[in-house]
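For reference, the chains in residue letters:
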Amino acid sequence: MPSTPLLHYESHGDPLAPPVIFLHGFMGSALDWGDVIERLSRTNYCVAVDLPGHGRSLDLADDAYTLPGAVRLVLQVMEHTQIIPGVVAGYSMGGRLALHLAIHHGDTCSKLIVESATAGIRGKDERVIRQHLDEKRAEELEQGRFEDFLQTWYGQSVFAALADDSEKLARVLRRRRFNEPTELARALRGMGVGTQVPLWDRLSGVAVPVLLVTGERDSKYVEILRAMAELLPCAALEVVSGVGHNVHVEDPAT
């Protein structure tokens, strides 16, 4: 049986330095972390992956486009690059993956940095509503309406602060257009927050330190991360002033 291919990844810095692995959000790629890695790689070994359906990690087995499957593939990269245990930094979808990793494979993480991510949608009815919405979005991607999808996605209130900076928003949109829409549809169906099993009742078992980060202009996630901080045994919450949901893009020096 052929071995499962590694997710595409990029590494920067000294492999003997303290390791950090970066997990991007939906429609992102390893390149999203470039400004952060440029600073951090002076003191750390930085590994950034393209998650299933994103960047150059395409045409994978169906199981890869699920949270558990994606976690297993991230672990393969961590083993391949010899960064276990390491700091796991995840944004949005990548933050949800980071939480899964810490809960189900806690010995692989030395610390979590979770940016603008949730432990899941608590209510069953709300999850079903989100699943239907994500299915509609996935169909839009498959129908070739990628530009409409991008405008709708970045028109959400959580991205209001990013939309205020037209240059940064244009740069983000240029990167998103490098993705393959049908692959994004597969990722959205399998790894969207509507399909995620809620992790709220498992947060108390996360043994490693967790830094929760979001922007003050993203009131929705300020509330979510505050609730998560109350349940995590060793958590610190940082609300960054002047920015919104996508902190590492809006203020990479944070």
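Model, not experiment: these values are computed from the prediction. (Residues numbered from 1 in each chain as written. Predicted model: local features only at pLDDT ≥ 70, side-chain atom pairs only at ≥ 80, totals over all residues. Heavy atoms only, no water.)

K.L.:
How do you make sense of the overall build of the protein when you look at a structure like this?
P.N.:
Check the secondary structure of the protein and you find 10 helices and 7 strands. Over its C-alpha atoms the protein spans a radius of gyration of 17 Å, differing by no more than 12% from the 18 Å that the globule rule assigns to 254 residues. With the principal axes as the frame, the protein shows a C-alpha extent of 45 × 45 × 40 Å. For the protein, restricting intrachain contacts to residue pairs at least 6 apart in sequence, the fraction spanning at least 24 positions comes to 76%. Total accessible area on the protein is roughly 11,700 Å²; 51% of this is exposed by carbon and sulfur atoms. Taken together, the 25 basic and 34 acidic charged side chains of the protein have centroids lying 2 Å from each other. (Helix = DSSP H or I, 4+ residues; strand = E, 2+ residues; numbered from the N terminus. Rg over C-alpha atoms; globule rule 2.2 N^0.38 Å. Contact = heavy atoms within 4.5 Å. Areas by Shrake-Rupley, 256 points an atom, 1.4 Å probe, with all protein chains shown as cover. Lys, Arg positive; Asp, Glu negative; His and termini not counted. Charge placed at Lys NZ, Arg CZ, Asp CG, Glu CD.)

K.L.:
So what exactly am I meant to see when it comes to the pattern of salt bridges here?
P.N.:
A side chain of one charge can pair with a side chain of the opposite charge if their charged atoms are brought near each other. This structure, assessed with the given rule, holds 13 salt bridges. One salt bridge in this structure joins Arg-186 and Glu-183, with 3.4 Å as the shortest N-O distance. You can see Arg-186 and its partner Glu-183 sitting in helix α8 (residues 181–191), 3 residues apart, about one turn around the helix. The network of salt bridges with shared partners includes Asp-32, Arg-175 and Arg-176. (Salt bridge = Lys/Arg side-chain N within 4 Å of Asp/Glu carboxyl O.)

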